[in-house]
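# Close look at the chain arrangement
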Amino acid sequence: MSETLSIIVIETDRDRTRVIVDSLRDAGFSDIQVIPEVAGLARRISESNPDLVLVDMASPSRDMLEEMALASGPLERPVAMFVDRSDGSLTKAAIEAGISAYVVDGLKPSRIGSILDAAVTRFHMMHRMRVELETTRRALEERKLIDRAKGLVMKARGVDEDAAYALLRKTAMDQGRRVADVAQALVTAAGLLT
């Protein structure tokens, strides 16, 4: 996996940057880009569109942590953050911001590869969960919408629930649309008429 990942390293200290890049190369990573300042960070990361972002911070503040997290796009890609010192509230803020790996005093060259692999794995797991949650949320909203449309059809046509759904389904099939789309159109039209 490591040979194929493109990584952006965010580090302002040259000596630490050298240690990080050497450690990444030793771990088998080859596509590495360093961003030595935080000005324009979000734009530069977006333009490069890396597979992973590695942030090294000596002693972050809560505001700096949130800014770095948002700029590095933790919902778009794995972000591993290495800090020298932290406390419980910073760890919580990092996790809530979507950081895939938040490692305190852990930038050890021998561990960097396994930590980044864990960050990538955790990111993909969380991404799947977000997609599943959104799919479930959308299905629930569509179900509510279809139920409202069935109620409108039942009232207007004097039919039972099964007949109302059958009519919605037949209309959707005849128009080559989804039942939820027909239901949305019906609810919208009923809203305009009342």
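Everything below is about the structure printed above this text.
These notes cover the structure that comes with them. What you see is a predicted model; the values in this text were computed from it and never measured. (Residues numbered from 1 in each chain as written. Predicted model: local features only at pLDDT ≥ 70, side-chain atom pairs only at ≥ 80, totals over all residues. Heavy atoms only, no water.)

Any empty space left between the atoms is revealed when a probe the size of a water molecule rolls over them. Put simply, the largest pocket is a space of about 170 Å³. Forming the walls of the largest pocket are 14 residues, and the residues nearest its centre are E11, T12, D56, M57 and M64. Elements represented by at least two residues in the lining of the largest pocket include exactly β3 (52-57) and α3 (62-71). Per element, the largest residue contribution to the lining of the largest pocket is 3 residues, and it comes from β3. Grouping the constituent residues of the lining of the largest pocket by class yields 8 nonpolar, 2 polar and 4 charged. (1 Å grid on protein atoms, 1.4 Å probe; cavity = no way out; pocket = protein on both sides within 12 Å on 5 of 7 lines; lining within 4 Å. Points joined across faces, edges and corners; volume = space filled by probe spheres on them. Helix = DSSP H or I, 4+ residues; strand = E, 2+ residues; numbered from the N terminus. Nonpolar A, V, L, I, M, F, W, Y, C, P; charged D, E, K, R; others polar.)

Core analysis: the largest hydrophobic core is formed by 21 residues, its most contacted members being I10, V55, M81 and Y102. Sorting the residues of this core by element identifies β1 (6-10), α2 (41-48), β3, α3, β4 (79-83) and α4 (88-97) as the ones contributing at least two each. Excluding residues that lie within four positions of it along the chain, V55 makes contacts with I10, M68, V79, A80, M81 and F82. (Core = buried A, V, L, I, M, F, W, Y, C linked by side-chain atoms within 4.5 Å. Buried < 20%, exposed > 50% of the residue type's maximum accessible area, 1.4 Å probe, protein only. Contact = heavy atoms within 4.5 Å.)

Mapped onto the elements of the fold, E11 is located in the loop between β1 and α1 (14-26). Within the local environment of E11, its side chain forms a polar contact with the side chain of R16, the two groups lying 3.5 Å apart. Setting aside its immediate chain neighbours within four residues, E11 contacts R16, T17, I20, I35, P36 and D56. (Polar contact = N/O pair within 3.5 Å; in protein donor to acceptor, adjacent residues only side chain to side chain.)

Below, the discussion takes up the sheet that holds β4. With respect to topology, 5 strands assemble into an open sheet ordered β2-β1-β3-β4-β5, the strand pairing being parallel. Among the strands making up the open sheet, the edge pair consists of β2 (31-35) and β5 (101-104). Strand-to-strand twist in this sheet, taken as the mean axis angle between neighbours without regard to direction, amounts to 15°. Direction of pairing for β1 relative to β2: parallel, over a ladder of 5 bridges. Each residue of the ladder has a partner; that of I7, found in β2, is I32. Contacts from α2 reach β1, β2 and β3, with the element oriented near 165° to β2. (Pairing = 2+ DSSP bridges. Axes fitted to C-alpha atoms, helices over the stretch in contact; angles between N-to-C directions.)

Such coordinate-based values are descriptive only and should not be taken to indicate function.
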